[in-house]
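Summary of the model geometry
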Amino acid sequence: MCANVFGVLKSLFGKPFDGGKRMDNGGTQQQQQPMEQQYPPQHPAMIRLYEVHKEVTSLGPQVCTFSGLQDDRDYKRLERDLTRLLLEVDQVDTEGKVELQGARKRAAQEVEGLLRYLEENATHPSRLAIEELSNEARRLMDQRVVAPQRSGGVAEIDDELVELLQQLVLRLTQVKTEGRVPLRKARYRALTRLCAVQDVMEGRTQQQTLSLPLSGETHTAVHCINQVMAKVSVARSQLVALLMGLSGRDSCAHLSRLLMEMQVELDALDVSGNAAIRNYRKQVVEEINGLLKHLDLEGEGEDTRRYDLAQNNSIREIEAVRAHVSHLREGVLRHCMMGELGFRPKAELQSLLTHLDQVDTAKNPCIREARRRAVVEVQAIITFLDLREALVCRQPGPSEHPSHRAVWLVLGSLSDLQAQVLGFDGKRADKSYMMLEELLTKQLLTLDAVDPQGDEGTKVARKQAVKFAQNILNYLDMKTDEWEY
């Protein structure tokens, strides 16, 4: 939408408004004069419309990258400015001229388009989902970290808290953006802060396992380092509060000054060549540096190259692998349809898995999710080939248990359904999707009805078949959930 949001007015002011022909009083055709010649730039209506065009050109990029909500200050400012422009366009005097009325109408449509785009993104379900997940993370951090520290207690940081935070990160990663810049930007900013808090939490968990602080009797400097350690603990909670918007009157600049002062205090200590104390001081300094690196997050998400992951080299690597996987999948399905089993690119697929494993995700959860999905695509083809091979090589004996044979019959049906799932390229609303989902569910029900009758081999086979069917369903779900990085 944004690509076209400025196009209309540009075309209006950059070329004649009406270069067509009209009829004269005698009924003969004559060339109509361009509007600029009928209404020169000095015409009051044209002057005002040109002024509106300049303001729209200025406001357009701000609207197209705004990633906040309706109660944000910038939203209200943009809405106010666009509403004012709309009123000013409405007040342009066209003197009853059709050409000027058309120009005014198109200018109003341009401003209305920006207003709609602004509102759509601020109220989009995905934008509201991002905000709800952010609020959930704020409540968690406030309850477990910030509030206890402010009341003079100890922040409750443990593995459980880190795991809860990781779950929130995963849920944020899976929010759909529909390719909209404001939604990608909002998700990126929320993820950046959560990942920073996660990093702070994980660093704290590791610190608790150290046999520190040292006894104050070891050296006179140890008492000072212990005091700094206590300040670092408070600063950690303050940093979490800042990152999650729970800081009150605190600011990044204020906390940065406090941390820098702690570093200066540590640098001034005389450790008199004591290696243990030097290491202790070094660890505290490193923890302070770890906190400082997360204080420069105010501008995160403003750089397109950061939140637009299509420009990321790791994503490009993943997309190249996916393109190769798509080519191999087409080849596999084509040969299977022809009854040929000679095309078995398992070695090539395994090499692609190795390649994906080496892709640098830079701790970015969206890149991790993109890589995970690519891995699932590769594994789906490998399992399909493995099952096909097992079905071809299967040679049941006369003593085979009937229940075991029933499981293999289901596996044969699942193999055919997986071929359809691999080749499926549609949406969840499609009839073919619903048919595949129903058929796979029926196979699960058939497996559930198989009675092993105490046969251990059947129990194992049925369990594997159930997992296989569920994996196919999950893969079909993944192909149609419209997730974007």
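Being a predicted model, the structure only gives us computed values, none of them experimental.

Parameters at a glance
Residues numbered from 1 in each chain as written. Predicted model: local features only at pLDDT ≥ 70, side-chain atom pairs only at ≥ 80, totals over all residues. Heavy atoms only, no water. Core = buried A, V, L, I, M, F, W, Y, C linked by side-chain atoms within 4.5 Å. Buried < 20%, exposed > 50% of the residue type's maximum accessible area, 1.4 Å probe, protein only. Helix = DSSP H or I, 4+ residues; strand = E, 2+ residues; numbered from the N terminus. Contact = heavy atoms within 4.5 Å. Salt bridge = Lys/Arg side-chain N within 4 Å of Asp/Glu carboxyl O. pLDDT = per-residue confidence, 0-100. Axes fitted to C-alpha atoms, helices over the stretch in contact; angles between N-to-C directions. Parallel < 35°, antiparallel > 145°, perpendicular 65-115°, else oblique. Left-handed = near helix turned anticlockwise from the far one by under 90°. Nonpolar A, V, L, I, M, F, W, Y, C, P; charged D, E, K, R; others polar. Expected span 1.5 Å × (residues − 1). Arc of directions from axis to C-beta. Phe/Tyr/Trp six-rings, centres within 6.5 Å; stacked < 30°, edge-to-face > 60°.

Quick look at the nonpolar core now. Core analysis: the largest hydrophobic core is formed by 104 residues, its most contacted members being Met141, Met201, Val240, Leu259, Val284 and Ile288. If you tally residues by element for this core, the top one is helix α10 (residues 220-243), at 12 residues. Ignoring any residue separated from it by four or fewer positions in sequence, one finds valine 284 in contact with Ile225, Val228, Met229, Val232 and Leu266.

Checked against the element boundaries, arginine 187 lands in helix α9 (residues 181-208). Excluding its chain neighbours within four sequence positions, the residues that come into contact with arginine 187 are Ile130, Leu172, Thr173, Val175, Thr177, Cys366, Trp483, Glu484 and Tyr485.

The next thing to look at is the pattern of salt bridges. Considering all chains together, one arrives at 26 salt bridges under this definition. Residue arginine 48 is joined to glutamate 88 by a salt bridge in which the shortest nitrogen-to-oxygen separation is 2.0 Å. Separated by 40 residues along the polypeptide, arginine 48 in helix α4 (residues 44-65) and glutamate 88 in helix α5 (residues 73-90) bring together distant segments of the chain. In this structure glutamate 88 comes out as partly exposed when scored by relative accessible area, which is 21%. Measuring nitrogen to oxygen at the nearest pair gives 3.5 Å for the salt bridge that ties lysine 459 to glutamate 456. With lysine 459 and glutamate 456 both in helix α19 (residues 456-480) and three residues apart, the pair spans about one turn of that helix. When salt bridges that share partners are traced, they join Arg48, Glu51, Glu55, Arg84 and Glu88 into one network.

Should pLDDT be low for a region, the predicted coordinates there are not to be read in detail. Residues with a pLDDT of 70 or more make up 84% of the chain, whose mean pLDDT is 82. For the stretch residues 5-37, pLDDT sits under 50, and the model shows 55 contacts to residues farther than four places along the chain or on other chains. For residues 205-212, every residue scores under 50 in pLDDT, and the model assigns this stretch 10 contacts once sequence neighbours within four places are set aside.

Okay, the packing of helix α16 (residues 365-393) against α19 next. Where α16 meets α19, the axes come as close as 11 Å, and the angle between the chain directions of the two elements is 140°. On the basis of the axis angle, α16 is oblique to α19. Relative to α19, the crossing made by α16 is left-handed. Taken together, the residues of α19 that come into contact with α16 (itself represented by Arg373, Val376, Glu377, Ala380, Thr383 and Leu387) are Phe468, Tyr475 and Met478. Of the residues that constitute the contact of α16 with α19, the class distribution is six nonpolar, one polar and two charged.

Glancing now at unusual backbone geometry. Backbone geometry at glutamate 95 places phi at a positive 55°, although glycine is not the residue there. Along the chain, glutamate 95 falls in the loop between α5 and α6 (98-122). By relative accessible area, which is 47% here, glutamate 95 ends up partly exposed. Although it is not a glycine, glutamate 178 sits at a positive phi angle of roughly 55°. Relative to the assigned elements, glutamate 178 resides in the loop between α8 (159-173) and α9. Judged by its relative accessible area of 52%, glutamate 178 falls in the exposed class.

The subject of this paragraph is α5. Taking 1.5 Å of rise per residue, the 18 residues of α5 would be expected to cover 26 Å, and the 26 Å separating its terminal C-alpha atoms lies within 8% of that figure. Along α5, the residues that are buried comprise Tyr75, Leu78, Asp81, Leu82, Leu85 and Val89. Around the axis of α5, the buried residues are gathered within 140° of arc, so they sit on the same side. For α5, exposure combined with an orientation more than 90 degrees from the buried face picks out Arg73, Arg80, Leu87 and Asp90. Where α5 is buried, its residues contact α4 and α6.

What follows deals with the packing of α4 against α5. Running from N to C, α4 and α5 point in directions that differ by 160°, and their axes come no closer than 11 Å. Judged by the inter-axis angle, α4 sits roughly antiparallel to α5. In this structure, the crossing between α4 and α5 has a hand that is left-handed. Residues Arg48, Val52, Glu55, Val56, Leu59, Gln62 and Val63 of α4 form the contact with α5, whose own contacting residues are Arg77, Leu78, Asp81, Leu82, Arg84, Leu85, Glu88 and Val89.

On to the packing of aromatic side chains. Inspection of every chain in the model, using the stated rule, returns two aromatic pairs. With 5.9 Å between their ring centres and 50° between their planes, phenylalanine 66 and tyrosine 75 make a pair best called tilted. Just as phenylalanine 66 is buried, tyrosine 75 falls in that class too.

Here we come to helix α18 (residues 431-449). Taking 1.5 Å per residue as the helical rise, α18 with its 19 residues ought to reach 27 Å, and the 27 Å between its terminal C-alpha atoms agrees with that figure. In this structure, the buried side of α18 is in contact with α17 (402-423) and α19.

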